[in-house]
Amino acid sequence: MKQFKKMTLWSVALVLVIVTNSHAAPAQYQCYNFDDLVAGKEYTVGDVIDTEHATITIKPYFTNGTPATATVRHAESAPANIAGGTAPELSLYLVSLNVVPHQPVTRIKTLLAQNISQTGDFADANIEVNGEKHESPRGFAQMNGKSIGKPGKGRAKIRATVLPTSANWHAGTLEVRAKPGEAIESFTLGGHTWRVDDMCFGL
Amino acid sequence: MQHAQFPSLLLSTAFALSGASAAVADTCKDVVFKVTNNHFEERQIEIRSVKFRNRHRGGAIQSEDVPNKLCNYGATCSTAGDNLADADKVDLYDIQVVFRHKNHDGTWSREFITQPFTPTYRKCKDGKQYGPLVVRDSN
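Residues numbered from 1 in each chain as written. Chains lettered and ligands numbered in written order. Predicted model: local features only at pLDDT ≥ 70, side-chain atom pairs only at ≥ 80, totals over all residues.

Caption draft 1: Structural context of the overall build of chain A. Along its length, chain A carries one helix and 15 strands. Counting all 203 residues of chain A, 41% fall into the buried class. (Helix = DSSP H or I, 4+ residues; strand = E, 2+ residues; numbered from the N terminus. Buried ≥ 20, exposed ≤ 12 C-beta atoms within 10 Å, placed from the backbone.)

Caption draft 2: Main features of the nonpolar core. If you look at the biggest cluster of nonpolar residues, it comprises 48 residues, and the most contacted ones within it are Leu92(A), Ile108(A), Leu112(A), Phe140(A), Ile184(A) and Val196(A). The residues contacting Leu112(A), other than those within four sequence positions of it, are Ala83(A), Phe140(A), Ala171(A), Leu174(A), Trp194(A), Arg195(A) and Val196(A). In this structure, Ala87(B), Phe112(B), Val134(B) and Val135(B) belong to the second largest nonpolar core, which totals 24 residues. (Core = buried A, V, L, I, M, F, W, Y, C linked by C-beta atoms within 7 Å. Contact = placed C-beta atoms within 7 Å.)

Caption draft 3: Expanded view of the sheet that holds strand β6 (residues 92-101) of chain B. Residue and element names in this part refer to chain B. With antiparallel pairing, the four strands of this open sheet are ordered in space as β3-β2-β6-β7. Of all the strands in the sheet, the pair left with one neighbour each is β3 (60-71) and β7 (112-113). In this sheet, β7 lies alongside β6 in antiparallel orientation, the contact comprising two bridges. By the bridge assignment, Phe99 is partnered in β7 with Phe112. (Pairing = 2+ DSSP bridges.)

Caption draft 4: Examining the environment of Glu76(A) more closely. All names here are of chain A. Turning to its location among the elements, Glu76 is positioned in strand β7 (residues 74-78). On the neighbour-count criterion, Glu76 (18 C-beta atoms within 10 Å) is partly exposed. Sequence spacing of Glu76 and Ser91 is 15 residues, and the spatial spacing of their C-alpha atoms is 5.3 Å. Those residues within four positions of Glu76 in sequence are excluded, and the remaining contacts are Lys41, Glu42, Tyr43 and Ser91.

Any functional reading would require information that these geometric values do not contain.
This is how it looks when you write it as structure tokens:
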């Protein structure tokens, strides 16, 4: 009986290990570091950045449901490493970044930074996964632990570790993981003044 | 018949009056916006206009041109005082300052806009001061 109990426990443990491993890091990440963008070239709403692994489109950024329409809204390569990678990185102002991987992926993770709010707190940010959109009043940091994605199109869980890194910036990593058996086909992030670098896709 | 009509008339008048008061608020006079210039490149800025959401207008964004005001790095500057239409005793929020900064060659940049600022006390009244709003970045 004791032997049986022991074996049962080992079996349960084995199953747990297998299940855990099936959701562990994907076999490979394919990353894009924004290094090939021409310095000084500005991208505005509607512009497309073609990369090896995904099509990235500049989209409007929303606050309280209203899109920012200022003519100054844009994205451009910046010779900085505020997001935490190596220079250059992509600097974004009043725009969102819609990412459609060339094939559905199980994970997307990226380095990012966000300028602090008027009160020195986390500033408003946008996210979209598989068609479900949200505004996050307390920035990318507040997205941590949330599930997102239109049912039937693929749900995913957000992991965000975004912390104060300098007087004006919060920076860190945001990762979106598809629920088991599901995939990410579309992913959008947006903010007022923010940076992004080293965006990786897990197959 | 006349008795039946009278209350209806009163009711319509009341609706009309309440509708009229909901449609237009008075002008909120001599409103000042304070701006602190903490530009990350320590640039001088010029305050050009102010945008805010007006609760009375269903949260629509309202733009107010202010007399251009230069503001040196590190300073807190105040706009001259503006009369805001349809804003008296109305909550104003998501206030943003439109500014430009001085380039290294002495020319002015294009216009940028700060992140929204929502004050603790939002109601506009004559002589109200909002802010300070902080200019930190313009890229």
